[in-house]
Amino acid sequence: MVNRLSDSLLCQFNEFVAAQIGLYYPKERHHEFESRIFSIAKQFGYAEIGTFIQWLMSAPLTQEQIETLASHLTVGETYFFREKRTFDVLEKHIFPELIHTRSRNDRRVRIWSAGCCTGEEPYSIAILLNQFIPNWRDWNITILATDINPHFLKKAEQGCYRNWSFRNTQEGIQERYFEKIDDTHFNILPFLKKWVTFSYLNLAKDPFPSLSNNTNAMDIIFCRNVLMYFSPKIVKQVIRNLYLSLIEGGWLIVSPCELSMDLFSQFQSVRFTDTTLYRKDNQPARTIEYIPDKIVEETKAVDFLSLDQPIESLPELDFPLETIEDPPQKIEEPVVPAPPPPSFDEILRLYKLGRYKDVETALLDRLSLHQGKVEELVLFARICANQGKFQEALGWCEKALSAGRLNAGLHYLQAIIFQELGNLEETVASLQRALYLDSQFVLGHFTLGNLTRRQGKINQSNKYYSNALSLLEDYQPNDLLPESDGIDRRKTRGNHSIHHLDGEIRMNKPADDLNELAWHGLARDSSTDCIGAEGARMGREPNPRRKEENPTGAGRNCCHNPKRSTHPARKCCMWWHFCWPMKLTRSRWRMCKKSFFYGNSLLYPPRHLSSLESSMSGEKFCRLSI
């Protein structure tokens, strides 16, 4: 293996990685970048580093390659209550005021840990927040934790940590909030684990704020030791989007080494005793000093007129003042017609720039001229939701529904708003209405899968995830999904929560091919692959010896052999493939047919049953429907 890379090739690959996934290493960190490339090449099986780089740059990166790069190029060193001064500020100032304000109205808290690594940060937030909300069952608490590294997310969702993760934790926390497994392993308590939602998100590439990925209307955003991985251009873009993701008065928390007046110029810099945080405010950017229960500007206005000293009265005049009145003059001003309201395309441009106040004004002007089109009402609902005004957003959404009751996307938007309000029953009902109107609505299936998964209804969750995977086959990799705010097929299939296995949620590497992804979601052992027509379609090499032993192509643990299979499809028939090039035996067909409706799972189109039963041959593929 070559020990050194040329500077030109290293810079070229650095720019390629930055363009593909947003990660960037400045020149002073090129030595570290080069050492990480060697480990990446080794994992891909390349001995010559230059050849590996040329191969990787020859085509756009697949989701699996992106995640492999991210796992090597990001650092996973963290621990509970890291940077204690920040958590002291939260405990003494931010959380008390936030909880006091919200306890009088909607009892809602929304916090986002962007770049959550292995989960210590979001769980630290949950532990601290629990100390302020003893009656947490009466609150709608959202702690979103996102990262680009799927391996980090997998460990975070497991919630199991070693003693080294507690090296800066105060006494009593570990005993109170963790269950001891053995002398070195501790599990976070289940009720706190339910507070945190882990999700894959690339801050440099994925859209936010968005209702679709729950990155809107945040009270507090943690983004510590993350911006250092991005190029200057990407850093500005990420900071701008983080600003838009906060509600008015929301807080952005970055690492002390990332503080910058230039980069965070749109925020107020609030200086505490030991640290500085950024606050979203419509006032001009300035540095202020935080005082409990009061924020005082560091630079005070000059007091030109003291109220403590009486004003001397003016001397009395000994002569009368003559008043000269000019005759009134009538000035005729030309009548200037009012400018027409901006077009809807112009309003959308303002919306994408985050100028919500201007958008509201423009929409109100348009709504005053006519009853209101559906797209205008929907945009108003989204603006309110992005600012945390969920009741207002629900009102605008209902107005849109009154004009377009048969629009599945409107019911989906209503469901997302209900979810933000903590109304689970209405959320599910709205999603089911959306799927009734459009059974091929991908995000409807996917969102219901997430909801049922968090409720512990694994079988239902697997059904909805399988539906989403099946429907994604009809999309090209770069096709945008309806109602997704810019999320495409690759980003949806790459979400770790869509990987499930035999009733247990797992976060396997997303496959390069969607069909292979579906296989990973159902196969107990990925090494026991299907062969023949299905195996070839999924990009696998057939095993000639096994094919001779079983000419139907049904492997020992394959779903095509339900009698001997340990395949989960035998228990709950989410997907079923018919790829046999020859006739089936009657006994095997009866077993397959019996499995079709196991566990209230319906397969469509129904005609496949009768046609396959009559011919007993051919290649059929049945998709699951609700």
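For the structure given in this document, a descriptive report is provided here. (Residues numbered from 1 in each chain as written. Predicted model: local features only at pLDDT ≥ 70, side-chain atom pairs only at ≥ 80, totals over all residues. Heavy atoms only, no water.)

1. Details of the overall build of the protein
Scanning the protein from terminus to terminus reveals 24 helices and 17 strands. Buried positions account for 52% of the 626 residues belonging to the protein. Here the contacts in the protein between residues at least 6 apart in sequence split such that 64% fall between residues at least 24 apart. Counting only carbon and sulfur atoms, one obtains 51% of the accessible surface of the protein, whose full area is about 31,900 Å². (Helix = DSSP H or I, 4+ residues; strand = E, 2+ residues; numbered from the N terminus. Buried < 20%, exposed > 50% of the residue type's maximum accessible area, 1.4 Å probe, protein only. Contact = heavy atoms within 4.5 Å. Areas by Shrake-Rupley, 256 points an atom, 1.4 Å probe, with all protein chains shown as cover.)

2. Here's the deal with the packing of aromatic side chains
One pair of aromatic rings is described through two measures. These are the centre distance and the angle between the planes. Counting across every chain of the model gives 31 aromatic pairs. Look at phenylalanine 80 and tyrosine 161: their rings are 5.0 Å apart centre to centre, the planes differ by 80°, and that puts the pair in the edge-to-face class. Highlighted residues: phenylalanine 80 in the loop between helix H4 (63-73) and helix H5 (84-102) and tyrosine 161 in strand S3 (residues 160-162), separated in sequence by 81 residues. Tyrosine 161 shares its class with phenylalanine 80; the two are buried. These aromatic residues form a ring-pair network of at least three members: Phe80, Tyr123, Tyr161, Phe166, Phe178, Phe186 and Phe198. (Phe/Tyr/Trp six-rings, centres within 6.5 Å; stacked < 30°, edge-to-face > 60°.)

3. Considerations on the pairing of strand S2 (residues 140-147)
Counting buried positions over the eight residues of S2 gives eight, a clear majority of the element. Burial along S2 is two-sided: the residues Asn140, Thr142, Leu144 and Thr146 and Ile141, Ile143, Ala145 and Asp147 are all buried. With seven bridges joining them, strand S1 (residues 108-114) and S2 adopt parallel strand pairing. In the sheet register, arginine 110 faces S2, and the bridge partner there is threonine 142. Regarding topology, helix H6 (residues 120-132) serves as the crossover connection from S1 to the parallel S2, and that connection is right-handed. Pairing of S2 with strand S6 (residues 196-200) involves five bridges; the strand directions are parallel. For threonine 146, the partnering residue across the bridge sits in S6 and is serine 199. (Pairing = 2+ DSSP bridges. Right-handed = clockwise from strand over helix to strand, strands pointing away.)

4. Considerations on the pattern of salt bridges
According to the stated counting rule, one finds 15 salt bridges in the structure shown. For glutamate 420, the salt bridge goes to arginine 110, with nearest N and O atoms at 2.3 Å. Residue glutamate 420 is found in helix H15 (residues 408-420), and its partner arginine 110 is found in strand S1; the two are separated by 310 residues along the sequence. Taking relative accessible area as the criterion, glutamate 420 reaches 4% and is therefore assigned buried. When salt bridges that share partners are traced, they join Arg29, Glu32 and Arg36 into one network. (Salt bridge = Lys/Arg side-chain N within 4 Å of Asp/Glu carboxyl O.)

5. Digging into a nonpolar patch on the surface
Taken together, the side chains of Leu406, Tyr436 and Leu437 present a nonpolar region at the surface, about 400 Å² in accessible area. Structurally, tyrosine 436 is set in helix H16 (residues 424-437). (Patch = residues over 30% accessible without salt bridge, like charges linked within 9 Å, V, L, I, M, F, W, Y side chains within 5 Å.)

6. Comments concerning helix H18 (residues 458-472)
Compared with an ideal rise of 1.5 Å per residue, which puts 15 residues at 21 Å, H18 spans 21 Å between its outermost C-alpha atoms and is within 8% of the ideal. In terms of burial, H18 is largely enclosed, as 12 of its 15 residues are buried. For H18, every residue scored as buried is listed here: Ser461, Asn462, Lys463, Tyr464, Tyr465, Ser466, Asn467, Ala468, Leu469, Ser470, Leu471 and Leu472. (Expected span 1.5 Å × (residues − 1).)

7. Notes on the sheet that holds S3
Two modes of strand pairing occur in sheets, parallel and antiparallel, and in both the strands are linked by backbone hydrogen bonds. Strand order in the open sheet made by the three strands is S3-S5-S4, with antiparallel pairing throughout. In the strand order of this sheet, the two ends are held by S3 and strand S4 (178-180), each with one partner. Taking each pair of neighbouring strands and ignoring which way they run, the sheet shows an average axis angle of 35°. Examined bridge by bridge, S3 and strand S5 (residues 185-188) share three bridges and lie antiparallel to one another. The residue of S5 that forms the bridge with tyrosine 161 is phenylalanine 186. (Axes fitted to C-alpha atoms, helices over the stretch in contact; angles between N-to-C directions.)

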